[in-house]
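Fold and contact review
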Amino acid sequence: MVSAGQPRPVSAGSWNVLSRKRADDKFAAAFYLRTAEQARQPALFDACGIPDTLDGRFDALALHAAIAIERLRQEPQGERLAQAFFDAMFRHLDITLRELGVQDLGVGRKIKIMAEGFHGRALAYREALAGGVTPLADVLRRNAYGGRPPADEAAVERLEAHSRQYARKLAE
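These figures come from a predicted structure and were not determined experimentally. Throughout, residues of each chain are indexed from 1 in the direction in which the sequence is written. Reporting of local features is limited, given that this is a predicted model, to residues whose pLDDT is at least 70; pairs of side-chain atoms are given and counted only at 80 or more, and all residues count toward the totals for whole chains, interfaces and linings. For the side-chain quantities, the full set of heavy atoms in the structure was used; hydrogens and water were omitted.

1. A word on the confidence of the model for the protein
When the pLDDT values of the protein are averaged, the result is 89; 88% of them are 70 or greater. For every residue, the predictor reports its confidence as pLDDT, a number between 0 and 100. Residues count as neighbours in contact if any of their non-hydrogen atoms are within 4.5 Å of one another. Per-residue pLDDT stays below 50 along residues 14-18; that stretch engages in 1 contact with residues further than four places along the chain or on separate chains.

Listed below in structure tokens is the structure:
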């Protein structure tokens, strides 16, 4: 018997939920690392014209992560997986900022700005990839180049082709 205010005993079903959550977190973290590797491909910076800067690398990561999260949402437990992916990504970004020397008090503020930027980009990419009003090339020009798209239109076309190919690859 449990008296008021004391925690209830954990049932066997609760353990299933906890182990499933841990498995989702583990999967999402591994998928995030694979996605981050894709976002660091030299061709994105060389052939597609994304600036090889801290901001440019975030833009490349945001593009790939947005496509990955959209794919995760199509799974039966998609929202949970997508959230676990997002959490893994921002844990990694938090560590990266600290390694770069950002002071503890500034990390939270920078993460908040990055999360807001990511959210806006993700919505724009989702809509454009789904055939929305704004063409993907225009969304990429606005979001993947730190506000300074390359003069070479072919670079934007290559990034658009890369983005669509990555989305198709994840859909398989």
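Having seen it, we continue.
2. Observations concerning the packing of helix α3 (residues 54-72) against helix α4 (residues 78-99)
Note on definitions: angles span 0 to 180 degrees between N-to-C directions of axes, and those axes are lines fitted to C-alpha atoms, for helices only across the stretch in contact. Secondary structure follows DSSP: runs of H or I at least 4 residues long count as helices, runs of E at least 2 residues long count as strands, and numbering of each begins at the N terminus. α4 packs onto α3 with a crossing angle of 160° between their chain directions and a minimal axis gap of 8 Å. By the criterion of interaxial angle, the relationship of α3 to α4 is roughly antiparallel. Every pair of crossing elements has a handedness; the one defined by α3 and α4 is right-handed. Residues F58, L61, A65, A68, I69 and L72 of α3 pack against G78, L81, A82, F85, F86, M89 and L93 of α4. Of the residues in the contact of α3 with α4, the class split is 12 nonpolar, 1 polar and no charged. Each angle is binned into one of four classes, with values under 35 degrees roughly parallel, values over 145 roughly antiparallel, values of 65 to 115 roughly perpendicular, and all other values oblique. In this scheme the handedness of a crossing depends on how the near helix is turned from the far one: anticlockwise by less than a right angle means left-handed, clockwise means right-handed. Residues are grouped as follows: nonpolar covers Ala, Val, Leu, Ile, Met, Phe, Trp, Tyr, Cys and Pro; charged covers Asp, Glu, Lys and Arg; every other residue, Gly included, is treated as polar.

3. Side note on the side chain of S163
Mapped onto the fold, S163 is located in helix α7 (residues 153-171). Two N or O atoms form a polar contact when they lie within 3.5 Å of each other; inside protein one atom must be a possible hydrogen donor and the other a possible acceptor, and for residues adjacent in sequence the pair counts only when both atoms belong to side chains. Of the polar contacts made by the side chain of S163, one reaches the backbone oxygen of L159; its length is 2.8 Å. With sequence-adjacent residues up to four places away left out, S163 is seen in contact with L63, I67, L136 and L140.

4. Remarks on the packing of helix α5 (residues 104-129) against helix α6 (residues 136-143)
Angle between the axes and distance between the axes are the two parameters that describe a pair of packed helices. At a closest axis distance of 9 Å, the pairing of α5 and α6 adopts a crossing angle of 165°. For the element pair α5 / α6, the angle class is roughly antiparallel. The handedness of the crossing between α5 and α6 is left-handed. Contact residues: R121, A124, Y125, A128 and L129 in α5; L136, V139, L140 and N143 in α6.

5. Quick look at α7
Residues spaced three or four apart along an α-helix point in a common direction, a consequence of the helix completing one turn every 3.6 residues. Given a helix with a known number of residues, its expected span is that number minus one, times 1.5 Å. Between the first and last C-alpha of α7 there are 27 Å, a value that for 19 residues agrees with the 27 Å anticipated at 1.5 Å per step. Looking only at α7, the buried set comprises A155, V156, L159, H162, S163, Y166 and L170. Looking down the long axis of α7, one finds its buried residues gathered within 120° of arc, a one-sided arrangement. Away from its buried face, by an angle of more than 90 degrees, α7 presents the exposed residues Q165, R168 and A171. Here α7 starts with a cap whose side-chain oxygen sits 3.0 Å from the backbone nitrogen of A154, and that cap is D152. The buried label goes to any residue with under 20% of its type's maximum accessible area, the exposed label to any with over 50%, and the partly exposed label to all in between, with areas taken from a 1.4 Å probe on protein chains only. Arc definition: directions from the helix axis to the C-beta atoms.

6. Things to note about the nonpolar core
To qualify as a nonpolar core, a set must consist of buried Ala, Val, Leu, Ile, Met, Phe, Trp, Tyr and Cys residues joined through side-chain atoms within 4.5 Å. Core analysis: the biggest nonpolar cluster contains 47 residues, and F85, M89, L93, F118, Y125 and L159 have the highest contact counts within it. For this core, the secondary-structure elements that each account for two or more residues are α1 (12-39), α2 (42-46), α3, α4, α5, α6 and α7. Broken down by element, the residue count for this core peaks at 11 residues, all from α3.

7. Thoughts on α5
Taking 1.5 Å of rise per residue, the 26 residues of α5 would be expected to cover 38 Å, and the 37 Å separating its terminal C-alpha atoms lies within 8% of that figure. Along α5, the positions that sit buried rather than exposed are G106, V107, I111, M114, F118, R121, A122, Y125 and A128. The elements touched by buried residues of α5 are α3, α4, α6 and α7. Just past α5, the residue G131 takes up positive phi, approximately 85°.

8. A look at the pattern of salt bridges
Note on definitions: salt bridges are taken to be side-chain nitrogens of Lys or Arg within 4 Å of carboxyl oxygens of Asp or Glu. One pass over the structure, following the stated rule, counts 13 salt bridges. Two residues, D24 and R80, come together in a salt bridge whose shortest N-O distance is 3.1 Å. Remark: R80 occurs in helix α4 and D24 occurs in helix α1; sequence separation between them is 56 residues. A residue is classified by how much of its surface remains accessible, and D24, at 11% relative accessible area, is buried. The class of R80 is partly exposed, set by a relative accessible area of 29%. The salt bridge partner of E79 is R73, with a shortest N-O separation of 3.2 Å. Look at E79 and you get exposed, because its relative accessible area is 52%. With a relative accessible area of 33%, R73 lands in the partly exposed category. Salt bridges sharing common partners tie together E70, R73, E79 and R126.

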